[in-house]
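# Close look at the chain arrangement
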Amino acid sequence: MSLLSAEATAAGAPGILVPVVLSAAFLHASWNAILKFIPDKLTASLLMTLSAGALAGLGLFFVPAPAQASWALLLVSAALHVGYFLMLIKTFEIGDFNQVYPLARGLSPVVVAGFATLLGDPMSRHQTLGIAVVCGGLTVLVFSAGRPKRTQGKALFWAAMTGLSIATYTVTDGVAVRHSGTAAGYTVWMMLAESTMMTAACVTIMMRRGATGAAAGFRVTLRKLSRGDVVRGVIAGPLSFVAYGLVLWAQTRGALAAVSALRETSVIFGAALGSVFLREPFGRYRIFAAVTIASGILILEAA
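All figures in this text were calculated on a predicted structure; none of them were measured in a lab.

In a structure, side chains of opposite charge can pair up when their charged atoms sit close to one another. Evaluation of the coordinates by the stated rule reveals one salt bridge. Here Asp229 ties to Arg232 by a salt bridge, and the two come within 2.8 Å at their closest N and O atoms. Separated by three residues within a single helix, Asp229 and Arg232 lie in helix H10 (residues 227-251), roughly one turn from each other.

In terms of nonpolar packing, the biggest core is built from 46 residues, with Trp31, Leu35 and Phe92 touching the most fellow members. Beyond its immediate sequence surroundings of up to four residues, Phe92 is in contact with Asn32, Leu35, Lys36, Lys41, Phe97, Val100 and Tyr101. In this structure, Ala176, Val177, Met190 and Leu248 belong to the second largest nonpolar core, which totals 15 residues.

This paragraph deals with helix H3 (residues 41-59). In this model, H3 (19 residues) spans 26 Å end to end at C-alpha, consistent with the 27 Å of a helix rising 1.5 Å per residue. Most of H3 is tucked away: 14 of the 19 residues are buried. Put simply, Asp40 is the residue that caps the front of H3, since its side-chain oxygen is 3.3 Å from the backbone nitrogen of Leu42.

Residues Ser266, Val267, Gly270, Ala271, Leu273 and Gly274 constitute the buried set of helix H12 (residues 266-276). Burial along H12 is one-sided: seen end-on, the buried residues are contained in an arc of 165 degrees.

Before going further, it helps to examine the packing of aromatic side chains. Overall, the coordinates contain eight aromatic pairs when judged by the stated rule. Arranged with centres 5.0 Å apart and planes meeting at 20 degrees, the rings of Phe97 and Tyr101 form a pair that is stacked. Pair noted here: Phe97 and Tyr101 are both in helix H5 (residues 97-118), with a separation of four residues, about one helical turn. Since its relative accessible area comes to 2%, Tyr101 is described here as buried. In textbook terms, an aromatic cluster arises when at least three aromatic residues are bridged by ring pairs, as seen for Trp31, Tyr84, Phe85 and Tyr169.

About the cut-offs
- Residues numbered from 1 in each chain as written.
- Predicted model: local features only at pLDDT ≥ 70, side-chain atom pairs only at ≥ 80, totals over all residues.
- Heavy atoms only, no water.
- Salt bridge = Lys/Arg side-chain N within 4 Å of Asp/Glu carboxyl O.
- Helix = DSSP H or I, 4+ residues; strand = E, 2+ residues; numbered from the N terminus.
- Core = buried A, V, L, I, M, F, W, Y, C linked by side-chain atoms within 4.5 Å.
- Buried < 20%, exposed > 50% of the residue type's maximum accessible area, 1.4 Å probe, protein only.
- Contact = heavy atoms within 4.5 Å.
- Expected span 1.5 Å × (residues − 1).
- Polar contact = N/O pair within 3.5 Å; in protein donor to acceptor, adjacent residues only side chain to side chain.
- Arc of directions from axis to C-beta.
- Phe/Tyr/Trp six-rings, centres within 6.5 Å; stacked < 30°, edge-to-face > 60°.

In structure tokens form, the structure reads like this:
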């Protein structure tokens, strides 16, 4: 897609970029699985964003600031990430991980392709085939357990909304990081901005839970978590930070569409983690759906 790859420095993601992006995909699926595992997902998200923000704060002393041309998009991206996070929390509260995670991640490349078409960048036959394969996989995933029940339908709706937000921030980040002049600097400053906004959002929600203040609300919700869950929540922050940084670095050296598509192979990692660690049902239909979605994503961006 020329719209997304015009500023790329390479035609795809060859050599070192492939293992880097696959590593990012695994890390991304891992922190998502941690968030799904912890019962109080809002508190887990706050722990995660605080630890990622602290890491970003330390990074300020070691990386250059992004170029001024990227700052507006950086702030927009931070706000989009917060919206994504809140929708992800809602999705994980009511849906099975190995169903809603592949749906959210698999839908994103299809939406990006649609954006490109609307903006005058028609799809090739290769890309049309890729979208058809992804849509087929998504359909199988949605109906993998039969006709979705009401609660399951809500989960699928929020997963779809999450997928839309992923597509939006992916394009925003891809453009912004190339104007920033420094992938490391952009990663640090964007994560710091996101952490600040997300902390404010979490604190506001906690105060609405009936606590007398933000600190009290955090203490009340923190008591609901085991020590292990607190540790997991803190660890998830650096995992998210590194996964995000690796993808941004790759986007400055490979075509945005190809890199983002390769990252979405995280649906396979996510499906496996949901089955092994979350003990969720993972029958042959969901296996087929996850592999089909990943295959369609790669076909979509192979042109």
